[in-house]
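# Breakdown of the fold
So you can see what is in the structure, the chains are spelled out below.
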Protein chains: 2
Amino acid sequence: MNQDQPGAVGVAPVTLDDVATHAGVSRQTVSNVLNAPHRVREGTRERVEAAIARLGYQPNRAARALRAQASRMIGYRIEPVHEESLASIHDRFLHALADAGREADHHLLLFTADDPAGELAACARLFRTGGVDGFVLYGIDHGDARPAALLKVGAPFAVFGRTDSDSGHCWADVDNVAGVADAVDHLIERGHRRVGFVGWPEGSGVGDRRAEGWRAALEEHGLLADCQRLDAQTHDTIAAGAAAGAKLLDLSDPPTAIVTVTDTLAVGVMRAAQGRGRVIGEDLAVVGFDDTPTARVLGLSSVRQPIEEVGRVIVEMLLARLPGVPHQPQTAAGPEGRLLRPSLVARGSSAAPYPSSST
Amino acid sequence: MNQDQPGAVGVAPVTLDDVATHAGVSRQTVSNVLNAPHRVREGTRERVEAAIARLGYQPNRAARALRAQASRMIGYRIEPVHEESLASIHDRFLHALADAGREADHHLLLFTADDPAGELAACARLFRTGGVDGFVLYGIDHGDARPAALLKVGAPFAVFGRTDSDSGHCWADVDNVAGVADAVDHLIERGHRRVGFVGWPEGSGVGDRRAEGWRAALEEHGLLADCQRLDAQTHDTIAAGAAAGAKLLDLSDPPTAIVTVTDTLAVGVMRAAQGRGRVIGEDLAVVGFDDTPTARVLGLSSVRQPIEEVGRVIVEMLLARLPGVPHQPQTAAGPEGRLLRPSLVARGSSAAPYPSSST
DNA sequence: TTGTATGCGTTATCAA
DNA sequence: TTGATAACGCATACAA
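Quick summary incoming for the structure in this document. (Residues numbered from 1 in each chain as written. Chains lettered and ligands numbered in written order. Predicted model: local features only at pLDDT ≥ 70, side-chain atom pairs only at ≥ 80, totals over all residues. Heavy atoms only, no water.)

### Some words on the sheet that holds strand β2 (residues 107–111) of chain A
- Strand order in the open sheet formed by twelve strands is β11(A)-β5(A)-β4(A)-β3(A)-β1(A)-β2(A)-β2(B)-β1(B)-β3(B)-β4(B)-β5(B)-β11(B), with mixed pairing between adjacent strands. One side of each edge strand has no neighbouring strand; the edge strands of this open sheet are β11 (337–340) of chain A together with β11 (337–340) of chain B. If you compare each strand with its neighbour and ignore which way they point, the axes differ by 20 degrees on average.
- Of the pairings in the sheet, the one linking strand β1 (residues 73–77) of chain B to strand β2 (residues 107–111) of chain B comprises five bridges and is parallel in character. Its bridge partner lying in β2 of chain B, Met73 of chain B is registered against His107 of chain B. (Pairing = 2+ DSSP bridges. Helix = DSSP H or I, 4+ residues; strand = E, 2+ residues; numbered from the N terminus. Axes fitted to C-alpha atoms, helices over the stretch in contact; angles between N-to-C directions.)

### Some words on the protein's contact with DNA strand D
- Lining the immediate environment of DNA strand D, one finds 24 residues, of which Leu16, Gln28 and Tyr57 of chain A together with Thr29 and Thr44 of chain B sit closest.
- What you see for DNA strand D is that sugar and phosphate hold 60% of its atoms within 4 Å of the protein.
- The backbone of Ser26 of chain B places a nitrogen or oxygen atom 3.1 Å from a phosphate oxygen of DNA strand D.
- Take Thr44 of chain B: an N or O atom from its side chain is 2.3 Å from a phosphate oxygen of DNA strand D.
- For the surface near DNA strand D, the leading source of residues is helix α2 (residues 27–35) of chain A, giving four residues. (Near = heavy atom within 4 Å. Polar contact = N/O pair within 3.5 Å; in protein donor to acceptor, adjacent residues only side chain to side chain.)

### Here's the deal with the pairing of strand β5 (residues 170–174) of chain B
Residue and element names in this part refer to chain B.
- In terms of burial, β5 is a largely internal element, five of the five residues being buried.
- Neither face of β5 is open: one carries Cys170, Ala172 and Val174, the other Trp171 and Asp173, and all of them are buried.
- Here three bridges tie strand β4 (residues 157–161) to β5, and the two strands are oriented parallel to one another. Within β5, the residue paired with Ala158 across the bridge is Cys170.
- Bridge count between β5 and β11: four bridges; the pairing is parallel. (Buried < 20%, exposed > 50% of the residue type's maximum accessible area, 1.4 Å probe, protein only.)

### Regarding the relation of the copies chain B and chain A
- Screw-axis analysis of chain B against chain A gives a translation of 0.0 Å along the axis, an RMSD of 0.1 Å, and a rotation angle of 180 degrees. The two molecules are tied by a two-fold rotation axis, judged by turn and shift.
- In this assembly the copies share their binding face: 98% of the residues contributing to the interface of chain B also contribute to that of chain A. (Least-squares fit on C-alpha atoms with pLDDT ≥ 70 in both. Contact = heavy atoms within 4.5 Å.)

Shown next, in the form of structure tokens:
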């Protein structure tokens, strides 16, 4: 009828031998039916398949892993939850990874570590003990020592993000420049001419690229000169965002719209504006980054990262590089890196058109 | 110097045999040093330990799993991210699980499923193939068919939440009654006499218990009669919360404070109140449930679940029931269930004392 | 096309 | 106290 395991209650596991006995063949033939069906005669194959279905046989993972020297596991470090951060990205990413792995019968192995050093130690250990076939690294940015270290360990891996020198490993990243540029375009389209930016301190690849997106978009519209002084840099908390927002709003010629490097900072900016009696979406437009649940609640426009796609792409790349599973012709095992485009989610905070008379 | 693996670059894995050769003993002796140190002479042991350290030997997980019939893996289904929900609980829970497992050298195996049926099929498969030793189930509530089904499969598991008939498996849950009761107590202490409640439709254990907490606390203070009509029930979206809040606020004798079954609904209530020109924390007190990041942003008081502790306790219980790892005397393998107390996080939304003259 | 033998790395049993 | 042997379940090379 169906191929579910027959309602057996805590039964003894079915092995290859059981199936072989049942089908009246050797266990090697059963193995062939599973791993090289073409090498077996049709009649025999059907008999074996029937036995497999009836007994609900499923190959033992440990045995398979031991024999094949491949665990079909992908290691992933789950980081502690930042209480300050609003991000739900991590959750989405994790789900995407697990989902992508499923299709290739690879599962995610989650582990924790207290710091990057601990993470590397854990990675090395997991890899050397055959616990995982490779890793996915999250939140890679300039100066991250993990890629080089993992390379040294000899473990395959793929990362979300980029270091200053991406070499020898594959990566996927969101096009942060384009993301912020889209936000700026959107605001200019609505009539804004003075668009500010609240970013992170210089030095992080992600932050610098988002700032670059702001600058580039303004330049393209010939507005850079007007907005030259309309940016601020600070660390990623609501309070800091409020301070930065206050600074910009208190200028003699303040921006009519502000883009921020994260939703967290956007919330701070909104707070500062409201504290000055300004109505978000009317007196001041704000666009954040990450499309967090909080942004939805507050009606904050935000740049949404295509995390699900990033996860899919990353797993794809990693699996392509794993020895023993040559899905592809493995000519060059696919591209080294992929840049994915985020999309703007426009909400009330940037809804109202702005009278173009603003200089 | 240190016991890290010597900076070997992608070297061949070290096996028990390598260590044995190196130490001039048989591999069985090496195994004994690791698994039954007392059965080996001190001198030999030291020699073997030195070899282990020098070679950076670490036992192969697959081989160990095959031999011991135990993968040292805990299965966990990661659910799709609810776009509507504000919860970060899931993230915290996951981290807690991974962290708790680490201490016992157990790791989390993540998998996805499209629905409960798919989840059960995946569980059965993972368990029968030796991929995991047991499972942790999240979000169990009345009418959940998974526990019974897993029991039938014969897989050990522990759940977060309770069904109507918890039997045969261990569970941990948050004391929802006490959580909401604490919130109500807090409001009464601040002078409120008319405390409303926005909950879920009847039938869910979690929702009903939270409603019960509201009822019980009011009764204890002799205020139940006054507040009898001050509750509403709806599903868990911001819009629904706003509607429910509007209904309560538009009563001829409206509540001065409202407790909600989730932060999501609380946000809705706040929105309804603000739409009516009421200032949260002054004209109306609101307390939510879950202590989401959004609650922090909005200054919303909220009941915080001790998720980290729940995770720890659940893993502890599960491991205690796993065959082969008898940490405890395994008399009765510990208690069947544990109820953990949440704590109220008071913020601005319930800050101001309310003049006790309100009827 | 099918079956036999062997080994993946570990640990349990038993004999020395 | 130590070592030889076998077995966990599967898959590969090779022989029939």
